[in-house]
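In case you want the letters, here they are:
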Amino acid sequence: MRRSLLLAGSLGVFGCSSPPPATHHERPGRGDELVSRGEDIFFNETFGGNGRTCSTCHRAERNFTIDAVFAATLPPDDPLFIAERRPSLRKNFEQPAFMRGLGLILENQDGFEDLENNFNLRGVPHTLALRTSVDSPAGPRTGWAGDGSPGDGSLRSFAVGAVIQHFPKTLHRIAGVDFRLPSDDELNALEAFLLSLGRQEDLNLPLPLKGAVAQRGQEIFLDDTLGKCNICHLNAGANAVLGGQFVGNANFNTGVEDLPDQAADLLGELIGHTVPPDDGFGTPGDGTFNTPPLVEAADTGPFFHNGAIDTIEGAVAFYDGDTFNNSPAGKVLASFDPNGVGIRLDATEIVAVAAFLRVINTLENIGVTLKLFDDLLQRRVKHRFIQRRLDQALAETRDAIRVLDGGGLHPEAITHLRRTETLAARAAQSHFARRRNMGVAVVELKKARRLIVQEENP
Amino acid sequence: MTRSLLMVGVLLATASAAHAQKATEIYIPIGRSPGLSGKVTVTGFIATVDDHTMVMSVKGADGGWRAVVTDRSKIYIDRSAQRRPNRYGTMDDCKPGHFCEIKYVSGDAAALRRRGEPREIEWIKIRPDNRRSQAEPQGHRVARRSGSSTASQSPSDDSGVAMTIRAVPMVSARRSASHSAMVSCGSPITR
């Protein structure tokens with residue numbers, strides 16, 4: 001649950017009983033040639049720049065994002081840390097202390113004229129479920145503020161801005177010298193690959209969950225008079241239904257920038273660096289940021305555009321706090337509440353909503369892993385991608401364990417997931433009995449899933 | 001019902017309209033703006049510049065357009081062909097004969113058909129020396145109008161030092177005809 005819980009009202013007025021179709025695109029399969037080409041570009045293409053690729057920051061083994069914990073495992077010569085090694089990028093290209101300490105990346109969303117003072121430090125948004133989370137009636141919304149893409153602002157164009165911002169050899173940023181711009185074919189392939197990642201459609205809540213706490217969390221989430229989450233995160237996705245009208249992905253000012261004691265500010269004070277405020281969408285910004293999907297939230301923290309909060313419980317609790325309730329979005333929400341309340345949740349309710357988010361994230365982890373194993377077992381994966389798929393299956397399984405364990409949820413399911421982890425690790429490390437290991441892992445994954453949710457066709 | 005409609009209005013008003021990121025546009029050479037170049041922009045050569053009305057005309061092979069430069073309009077100097085950093089420019093940088101790309105504020109393809117009508121531009125990119133950028137993809141050539149290939153221009157660099165650059169032909173004489181046929185200047189760039 002991010003910055004966008006806005007809007008009040010009763011279920012009768014704002015209910016979302018008939019969720020609109022979330023996807024309207026042709027769905028390329030993972031085996032599609034264009035997707036494969038996009039995958040090669042995403043992981044290998046440096047565009048003649050400083051050595052970074054898209055996957056330098058969007059790590060497959062980290063849900064296509066990156067955080068400080070993961071960054072700490074990387075060798076010093078990883079391209080992520082290019083600013084520490086290349087003299088031409090040492091100043092004003094990144095803020096290494098914030099990158100290493102908090103996983104924050106430097107962005108010049110408001111222009112490149114005053115690099116010393118005019119920049120934002122933002123987390124790396126994951127690239128999962130983009131097919132469900134970018135579209136809005138007013139046009140595509142990419143990046144943290146919805147305006148991350150140059151040109152026509154589309155997902156297809158995103159790589160052009162990313163190459164200019166993150167790939168140059170020098171801060172002159174001369175096309176053809178410091179980098180080359182992606183070709184039309186490359187943009188098409190990258191877009192196809194990005195759209196193939198993660199969920200291809202939104203959930204249809206409520207789910208028949210088995211855990212009592214997660215079940216209660218789902219009720220609160222869907223209650224437009226209590227949690228009010230589903231108003232802007234329809235079906236735990238990234239789209240809003242306002243006044244019964246589907247409006248797709250939307251931007252809101254929820255006041256995250258006004259949170260006290262933010263880690264970046266505290267670190268800045270410690271090392272004598274001022275972190276400029278991030279004004280969000282537009283130039284000058286209007287203080288709004290766009291709505292991310294929640295299904296993938298629990299294993300892709302830290303949360304919010306600036307990584308202000310580390311835990312999913314903290315992210316949910318944000319909406320119960322003064323900062324949100326005094327924000328423009330919070331005030332609008334409160335103004336339409338019969339009791340003038342924005343969002344008010346007790347600690348147990350916060351934990352319950354977080355438990356729900358943890359559980360649906362785990363179900364997504366399990367679903368993705370099953371798909372990966374199925375593709376591998378059915379030999380639908382190109383040879384050059386096999387190891388990556390195996391590694392990803394292992395990473396997804398570990399995420400599922402971490403997410404459930406972190407909330408003290410479904411211990412029996414965790415037992416099955418740990419067995420899956422062992423089998424997935426064996427499959428990833430050795431050809432020996434790989435297919436057998438994957439086959440047994442599938443059985444364990446299904447057992448874990450049955451402990452979490454009632455399946456329609458067990 | 002009224003309450004519901006009011007809420008929708010308030011919420012939609014607070015939710016920002018979709019928007020593209022503008023900051024990196026300065027670094028994108030003429031003809032390479034993704035999703036815009038070749039669709040909703042016009043390329044051609046500056047024919048006239050009126051400093052008083054801030055209107056310039058852009059002439060191409062199949063017509064002319066008129067561009068109104070306002071305080072909101074950005075002027076980018078594309079020097080990537082010279083392997084030098086692009087920079088912001090002023091009306092003083094807009095001179096007849098310069099190769100350019102313009103994007104109108106109302107950047108829809110239909111608006112491009114309204115030639116001759118002066119309309120506000122969001123940005124104009126100027127390539128003072130008319131050279132082909134190395135950043136252009138292979139197979140993409142910006143055709144030169146006859147007579148402009150030897151024109152000397154005097155752009156000033158970041159330090160303000162005036163310099164004279166003699167434009168070199170982008171394509172050999174033998175090949176120029178086929179490239180000109182492939183890409184027509186003065187119309188939305190075709191790829």
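As a convention, each chain's residues are numbered from 1 in the sequence order in which they are written. Here chains are named by letter from A upward and ligands by number from 1 upward, in the order in which they appear as written. Side-chain atom pairs in this predicted model are given and counted only at pLDDT of 80 or more, local residue features only at pLDDT of at least 70, and totals for whole chains, interfaces and linings cover all residues.

**Student:** Describe the overall build of chain B, naming the residues involved and giving the relevant values.
**Tutor:** Secondary structure follows DSSP: runs of H or I at least 4 residues long count as helices, runs of E at least 2 residues long count as strands, and numbering of each begins at the N terminus. Assigned secondary structure in chain B consists of three helices and nine strands. Each helix (α) and strand (β) of chain B, taken in turn from the N terminus, gives the series α-β-β-β-β-β-β-α-β-β-β-α. Exposed residues have 12 or fewer other C-beta atoms within 10 Å of their own C-beta, buried residues have 20 or more, and partly exposed residues fall in between, where C-beta atoms are placed from the backbone. A buried classification covers 41% of the 191 residues belonging to chain B.

**Student:** Account for the overall build of chain A, with residues named and values stated.
**Tutor:** Looking only at helices and strands, one finds 19 helices and six strands in chain A. Judged by the C-alpha coordinates and their principal axes, chain A covers about 60 × 55 × 45 Å.

**Student:** Can you explain the domain arrangement of chain A? Please cite residues and give values.
**Tutor:** Residues and elements named next belong to chain A. Domain annotation for chain A reports domain 1 (11-15 + 203-346), domain 2 (33-196) and domain 3 (348-452). Taking only C-alpha atoms into account, the centre of domain 2 sits 28 Å from that of domain 3. We call two residues in contact if the C-beta atoms placed from their backbones are at most 7 Å apart. Each partner contributes to the interface: domain 2 provides five residues, whereas domain 3 provides seven residues. Each residue belonging to the side of domain 2 that touches domain 3 can be placed in one class, and the counts come to one nonpolar, two polar and two charged. What counts as a domain boundary in this text is fixed by an automatic or database domain assignment. The classification used treats Ala, Val, Leu, Ile, Met, Phe, Trp, Tyr, Cys and Pro as nonpolar, Asp, Glu, Lys and Arg as charged, and all other residues, Gly among them, as polar.

**Student:** Lay out the pairing of strand β4 (residues 245-249) of chain A with the relevant residues and their values.
**Tutor:** In short, DSSP must find at least two bridges between two strands for them to pair. Bridge count between strand β3 (residues 239-242) of chain A and β4(A): four bridges; the pairing is antiparallel. Looking across to β4(A), one finds that A:N239 is bridged to A:N249.

**Student:** Tell me about unusual backbone geometry, and name the residues and values.
**Tutor:** Residue and element names in this part refer to chain A. Along the chain, L205 connects to P206 via a cis peptide bond; the corresponding omega equals 5 degrees. Following the sequence through the fold, P206 ends up in the loop between α9 (184-196) and α10 (212-222). Cis geometry marks the peptide bond from G301 to P302, where omega comes out at 0 degrees. You can see P302 is positioned in the loop between β6 (289-290) and α13 (312-318). A positive phi is found at F64, a non-glycine position, where the angle reads about 60 degrees. Within the element layout of this structure, F64 appears in the loop between α3 (54-57) and α4 (68-71).

**Student:** Give a description of helix α17 (residues 386-406) of chain A that names residues and reports values.
**Tutor:** One fewer than the residue count of a helix, multiplied by 1.5 Å, yields its expected span. With 21 residues, α17(A) should reach 30 Å at 1.5 Å per residue; the first-to-last C-alpha distance of 30 Å fits that figure. In the segment just after α17(A), A:G408 is the residue with positive phi, at about 60 degrees.

**Student:** Account for the packing of helix α16 (residues 347-377) of chain A against helix α19 (residues 434-452) of chain A, naming residues and giving values.
**Tutor:** All names here are of chain A. Lines fitted to C-alpha atoms define the axes, with helix axes restricted to the stretch in contact, and inter-axis angles between N-to-C directions lie between 0 and 180 degrees. Interhelical geometry of α16 versus α19 gives an angle of 155 degrees and a closest axis separation of 10 Å. The orientation of α16 relative to α19 falls into the category roughly antiparallel. Judged by the sense of rotation from one axis to the other, the crossing of α16 with α19 is left-handed. Along its contact with α16, which presents V359, T362, L363, I366, T369, L370, F373, L376 and L377, the element α19 presents R435, M438, G439, A441, V442, L445, A448, R449 and I452. Each angle receives one of four descriptions, namely roughly parallel if under 35 degrees, roughly antiparallel if over 145, roughly perpendicular if within 65 to 115, and oblique otherwise. In this scheme the handedness of a crossing depends on how the near helix is turned from the far one: anticlockwise by less than a right angle means left-handed, clockwise means right-handed.

**Student:** Give me the environment of A:F158: which residues, what numbers.
**Tutor:** Residue and element names in this part refer to chain A. When you line up the elements, F158 lands in helix α8 (residues 158-166). Take F158: there are 28 C-beta atoms within 10 Å of it, and that puts it in the buried class. The spacing of F158 and L115 is 43 residues in sequence and 21 Å in space, taken between C-alpha atoms.

**Student:** Lay out the packing of α10(A) against α16(A) in plain terms, naming residues and giving numbers.
**Tutor:** How two helices sit against one another is set out by the angle between their axes and by the gap between those axes. Residue and element names in this part refer to chain A. It is the contact of α10 with α16, at a shortest axis distance of 7 Å, that shows an interaxial angle of 100 degrees. On the basis of the axis angle, α10 is roughly perpendicular to α16. For the pair α10 and α16, contact is made by V213, A214, R216, G217, Q218, I220 and F221 and by E349, A352, V353, A354, A355, F356 and V359, respectively. When grouped by side-chain class, the residues that make up the contact of α10 with α16 number 10 nonpolar, two polar and two charged.

**Student:** Any chance you could break down α19(A) for me, citing the residues and the numbers?
**Tutor:** Residue and element names in this part refer to chain A. Spanning 19 residues, α19 covers 27 Å between terminal C-alpha atoms, matching the ideal 27 Å at 1.5 Å per step. Among all positions of α19, only N437, M438, A441, E444, L445, A448, R449 and I452 are buried. All buried residues of α19 fall inside an arc of 140 degrees around its axis, so they share one side. Looking at the buried side of α19, the elements it contacts are α16 and α18 (411-429). Note that the arc is computed from the directions linking the helix axis to the C-beta atoms.

**Student:** An account of the environment of A:P276 is needed here, citing residue identities and associated values.
**Tutor:** You can see A:P276 is positioned in the loop between α12 (263-271) and β6. As for A:P276 and A:H431, which are separated by 155 residues in sequence, their C-alpha atoms are 51 Å apart.

**Student:** Can you tell me about the pairing of strand β2 (residues 55-60) of chain B, naming the residues and giving the values?
**Tutor:** Residues and elements named next belong to chain B. Burial of β2 is one-sided: the residues M56, V58 and G60 facing one way are buried, the residues V55, S57 and K59 facing the other way are not. Across five bridges, strand β1 (residues 41-50) lies against β2 in antiparallel orientation. Following the sheet pairing, V49 is matched in β2 by M56. In this structure, the hairpin formed by β1 and β2 is closed by a connection of four residues, where M54 is found at a positive phi of approximately 60 degrees.

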